[in-house]
Amino acid sequence: FCYEELALFDPLAQHYQRRLGELYYSWGAGLGAAKAEPKYRRARKYFARSLELHKKDNARAATGLLLTCSAIKLQCRGAKPDGDDELNAALGQLAASHLTAAYERAAP
């Protein structure tokens, strides 16, 4: 991907990280559950990095992170326990709190 090269060129540019997350999420959505999980995990990594770089007013990264964490839990993992479940839940809660804060700032 050329976006991966752009992210390497400027690793502090949150929009490249977010766009990579969106690409991997979309790529994973078109695959079966077994093949989608690695793509969703990479998407989660890029969305989390984008949110880390730009915490305020980054609703797209927070929404993507929340959707990706939900997809990993519901579509890929299901009821099967995984050592990654705690991290996935924590990142999902972080994304939800960012979105809640963004809505509170927009409409107090």
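Rules of the game
- Residues numbered from 1 in each chain as written.
- Predicted model: local features only at pLDDT ≥ 70, side-chain atom pairs only at ≥ 80, totals over all residues.
- Heavy atoms only, no water.
- 1 Å grid on protein atoms, 1.4 Å probe; cavity = no way out; pocket = protein on both sides within 12 Å on 5 of 7 lines; lining within 4 Å.
- Points joined across faces, edges and corners; volume = space filled by probe spheres on them.
- Helix = DSSP H or I, 4+ residues; strand = E, 2+ residues; numbered from the N terminus.
- Nonpolar A, V, L, I, M, F, W, Y, C, P; charged D, E, K, R; others polar.

Chemist: Just to check I follow, could you spell out empty space enclosed by the protein for this structure?
Modeler: Empty space among the atoms becomes visible once a probe the size of a water molecule is rolled across them. For the coordinates displayed, the defined rule picks out one cavity of 30 Å³ or more. Of the pockets and cavities examined, the largest cavity occupies roughly 40 Å³. If you go around the largest cavity, the residues you meet are Lys55, Asp57, Asn58, Ala59, Ala62, His98, Leu99, Ala102 and Arg105. The set of elements that each furnish at least two residues to the lining of the largest cavity consists of helix H4 (59-77) and helix H5 (85-106). Per-element accounting of the lining of the largest cavity gives the leading share, four residues, to H5. The residue makeup of the lining of the largest cavity, split by class, is four nonpolar, two polar and three charged.

Chemist: Even after reading the chapter, I still don't get the environment of Leu87, so can you show me in this structure?
Modeler: Along the polypeptide, Leu87 turns up in helix H5. Residues Leu87 and Cys69, 18 residues apart in the sequence, show an inter-C-alpha distance of 9.3 Å.

Fair warning: the whole summary comes from geometry, so function is off the table for now.
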